[in-house]
Amino acid sequence: MKDGSYAKFFSSVRPNVVLKHFEWMSDYGMTGAFHIRFMSNMEDPDVRERRTMVLRNVKNAAEETGRLFAVSYNIVGANPDRLMLEGLKSDWIKLVDEEEITPKQSIHASRWKTCFAYIWHWV
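Below or above, wherever it landed, is the structure these notes cover.

Calculation criteria
Residues numbered from 1 in each chain as written. Predicted model: local features only at pLDDT ≥ 70, side-chain atom pairs only at ≥ 80, totals over all residues. Heavy atoms only, no water. Buried < 20%, exposed > 50% of the residue type's maximum accessible area, 1.4 Å probe, protein only. Helix = DSSP H or I, 4+ residues; strand = E, 2+ residues; numbered from the N terminus. Pairing = 2+ DSSP bridges. Right-handed = clockwise from strand over helix to strand, strands pointing away. Axes fitted to C-alpha atoms, helices over the stretch in contact; angles between N-to-C directions. Parallel < 35°, antiparallel > 145°, perpendicular 65-115°, else oblique. Left-handed = near helix turned anticlockwise from the far one by under 90°. Contact = heavy atoms within 4.5 Å. Phe/Tyr/Trp six-rings, centres within 6.5 Å; stacked < 30°, edge-to-face > 60°.

As a further point, take the pairing of strand E2 (residues 68-74). Burial analysis of E2 places seven of its seven residues in the buried class, the great majority of the element. Burial of the side chains of E2 extends over both faces: Leu68, Ala70, Ser72 and Asn74 are buried on one face and Phe69, Val71 and Tyr73 on the other. Relative to E2, strand E1 (residues 32-38) runs parallel, the two sharing seven bridges. Of the residues in E2, the one forming a bridge with Arg37 is Tyr73. Handedness of the crossover is the feature at issue here: the chain leaves E1, passes through helix H2 (residues 45-65), returns alongside E2, and the resulting connection is right-handed.

Contact pair helix H1 (residues 15-27) / H2: the axes reach a minimum separation of 9 Å and the direction vectors enclose 40 degrees. It follows from the interaxial angle that H1 and H2 lie oblique. Relative to H2, H1 is oriented so that their crossing is right-handed. For the pair formed by H1 and H2, the contact residues are Pro15, Val18, Leu19, Phe22, Glu23 and Ser26 on the first element and Asn57, Val58, Ala61, Ala62, Glu64 and Thr65 on the second.

Moving on: the environment of Val76. Mapping Val76 onto the fold places it in the loop between E2 and helix H3 (82-97). Among the residues examined, Val76 registers a relative accessible area of 36% and is labelled partly exposed. In the structure, Val76 is positioned 38 residues away from Phe38 in sequence and 8.2 Å away in space, judged by C-alpha atoms.

On to the packing of aromatic side chains, then. The full count for this structure, using the stated rule, is one aromatic pair. Aromatic pair Tyr73 and Trp92: ring centres 6.5 Å apart, planes at 70 degrees, arrangement edge-to-face. One end of the pair, Tyr73, is in strand E2; the other, Trp92, is in helix H3, with 19 residues separating them in the sequence. Assessed through its relative accessible area of 0%, Tyr73 is described here as buried. Judged by relative accessible area, which is 22%, Trp92 ranks as partly exposed.

Here is the structure:
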C-alpha cells in the first residue's frame, strides 16, 4: 500500500470473513446463499480439504446467524461422464455423512424442507 502496509485480501478460508457475510445477509433480510463447489481437481485431497473447509465455514456461519445455504456444484470444464458423476455423487455423500451439511431440527428445518444441490455445467 502507499503507506508501506500490506494489502489484505478477502478469503473464505477465514471463518470470521464468512461469518461477516452471513451477518450482513441477516442485517439486510437475505434468507441465505448458494455455496459454489467447484469439482475440478477434487481428486487431490488438499484441494478437496480446502474447499470443504470453506463449506464448513459457510455451514457454521449459516447456523450461527439463522441463515440458509445450499450447495451449487460447478462442473464446468469436466466431461459429464460416468466417472465424473460418480465423483459428484461420492462428494455429496461425504458432505452429508461426514460434514453433516443437511439441516438439523432447528429454524432451518422449519424453513427449509430439503437440502439440495444445483449442478452447473456449460454445454
